[in-house]
Amino acid sequence: MNDHYFSSQPHTVSKPRTITVRLAGRDVDVTTDAGVFSPSRLDPGTTVLLKNLPAPPAGDILDLGCGWGPISLQAGLEARDDDTEVRVWALDVNERSLSLTRENAKAAGLTSVTPVLAQDIPDSVQFSAIWSNPPIRVGKDVLHELLLTWLPRLVPGGEAWLVVSKNLGADSLATWMSENLPGAWDVRREASAKGFRVLVVRNLEVPEV
């Protein structure tokens, strides 16, 4: 069986390394490893996403497919800089990814980042934002199931910021979300750079008074 970064238990021999990446306006040393997504660098798609993200809103933020944690770390660092109360749920199926994110958050002094499996997130939690470089290579069926599971848990007015390669179907995915998400949504292309689209998906539901 092939070993993918979206395997729950990677069979690839562990080879930890330290790399320096730019997050929240500063250089940050992080630990990565074989068997996770983009272990040698901050991947181009995530780089494009991080450059376009707004400030993290207060509340619960979901990093869907956290890898070794760059999106979660940026959210936690920026929230701390701005004195914003957040809880970042760093979600992945890969146990090695979760361990690395936990280690990197601890090294950065971030208590706001919580690495989790899907079943660890209480059903009652709704998200003020979802930030993600989603795992496109899991295949359309699995990807669509992920998006239909998590995007509807955005609070009214909440936004998901997703980065997707144009060559891997960013435009068709935007159309699919517009047509298949339950309820009222606005799906727009916020930015395009280096072959990637940044898609913003906003929950248009009106908050209950």
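Residues numbered from 1 in each chain as written. Predicted model: local features only at pLDDT ≥ 70, side-chain atom pairs only at ≥ 80, totals over all residues. Heavy atoms only, no water.

**Student:** Sorry, what's going on with the overall build of the chain here?
**Tutor:** A count of helical and extended segments in the chain gives 5 helices and 9 strands. Start at the N end of the chain and walk to the C end: the helices and strands fall as β-β-α-β-α-β-α-β-β-α-β-α-β-β. For 209 residues, the compact-globule formula gives about 17 Å, and the C-alpha radius of gyration of the chain, at 16 Å, lands near that figure. Projecting the C-alpha coordinates of the chain onto the three principal axes gives extents of approximately 50 × 40 × 35 Å. Sorting the 209 residues of the chain into buried and exposed places 51% on the buried side. For the chain, the proportion of contacts with a sequence separation of at least 24, taken over those separated by at least 6, is 73%. As presented, the chain carries roughly 10200 Å² of accessible surface, and 48% of it is formed by carbon and sulfur atoms. Looking at the chain, you have 20 positive and 26 negative side-chain charges, and the mean spots of the two groups are 8 Å apart. (Helix = DSSP H or I, 4+ residues; strand = E, 2+ residues; numbered from the N terminus. Rg over C-alpha atoms; globule rule 2.2 N^0.38 Å. Buried < 20%, exposed > 50% of the residue type's maximum accessible area, 1.4 Å probe, protein only. Contact = heavy atoms within 4.5 Å. Areas by Shrake-Rupley, 256 points an atom, 1.4 Å probe, with all protein chains shown as cover. Lys, Arg positive; Asp, Glu negative; His and termini not counted. Charge placed at Lys NZ, Arg CZ, Asp CG, Glu CD.)

**Student:** Would you mind showing me how to read helix α3 (residues 95–107) here?
**Tutor:** Residue pairs spaced three or four apart in an α-helix point in one direction, given the helix's 3.6 residues per turn. With 13 residues, α3 ought to run about 18 Å at 1.5 Å a step, and its terminal C-alpha atoms sit 18 Å apart, in line with that. Buried residues of α3: Arg-96, Ser-97, Leu-98, Leu-100, Thr-101, Asn-104 and Ala-105, and no others. The N-cap of α3, judged by a side-chain oxygen 2.8 Å from the amide nitrogen of Arg-96 a few residues on, is Asn-94. One or two positions beyond α3, positive phi appears at Gly-109, with a value near 75 degrees. (Expected span 1.5 Å × (residues − 1). Polar contact = N/O pair within 3.5 Å; in protein donor to acceptor, adjacent residues only side chain to side chain.)

**Student:** Can you help me understand the pairing of strand β4 (residues 86–91) in this one?
**Tutor:** Regular strands have side chains that alternate between both faces of the sheet. Summarising burial for β4: 5 of the 6 residues are buried, a large majority. Pairing of strand β3 (residues 59–64) with β4 involves 6 bridges; the strand directions are parallel. Note on β4: the bridge partner recorded for Ile-61 is Val-88. A crossover links β3 with its parallel partner β4, the connecting element being helix α2 (residues 70–82), and its sense is right-handed. Pairing of β4 with strand β5 (residues 113–116) involves 4 bridges; the strand directions are parallel. Bridged to Ala-90 within β5 is Pro-115. Running through α3, the crossover from β4 to the neighbouring parallel element β5 is right-handed. (Pairing = 2+ DSSP bridges. Right-handed = clockwise from strand over helix to strand, strands pointing away.)

**Student:** Sorry if this is basic, but what is going on with the UniProt feature "domain: Methyltransferase small" (unreviewed entry) in the chain here?
**Tutor:** Mapped onto the present numbering, the UniProt feature "domain: Methyltransferase small" (unreviewed entry) falls on residues 28–181. From the first C-alpha to the last, residues 28–181 spans 36 Å; its make-up is 37% helix and 25% strand. (UniProt positions renumbered as here; feature names shortened; annotations may be inferred.)

**Student:** Honestly, the environment of Leu-173 in this entry has me stumped. Any pointers?
**Tutor:** Mapped onto the secondary structure, Leu-173 falls in helix α5 (residues 170–180). A sequence separation of 16 residues divides Leu-173 from Gly-157, and the C-alpha atoms of the two residues are 21 Å apart. In this structure, Leu-173 is in contact with Ile-136, Leu-143, His-144, Leu-147 and Val-164, ignoring residues within four places of it in sequence.

**Student:** What's the story with the pattern of salt bridges in this structure? I'm lost.
**Tutor:** Once their charged atoms are close, side chains differing in charge can pair, the charge on each being opposite to the other. Inspection of every chain in the model, using the stated rule, returns 7 salt bridges. For Arg-197, the salt bridge is made with Asp-171, and the minimal N-O distance between the two is 3.0 Å. Residue Arg-197 is found in strand β9 (residues 196–203), and its partner Asp-171 is found in helix α5; the two are separated by 26 residues along the sequence. Given a relative accessible area of 33%, Asp-171 falls into the partly exposed group. The network of salt bridges with shared partners includes Glu-159, Arg-188, Glu-190 and Arg-202. (Salt bridge = Lys/Arg side-chain N within 4 Å of Asp/Glu carboxyl O.)

**Student:** What am I meant to see in helix α1 (residues 44–52) here?
**Tutor:** Buried within α1 we find Gly-45, Thr-46, Val-48, Leu-49 and Leu-50. Where α1 is buried, its residues contact β1 (17–23), α2, β6 (127–132), β7 (154–165), β8 (185–193) and β9. Capping the start of α1, Asp-43 holds a side-chain oxygen 3.3 Å from the backbone nitrogen of Gly-45, two or three residues further along.

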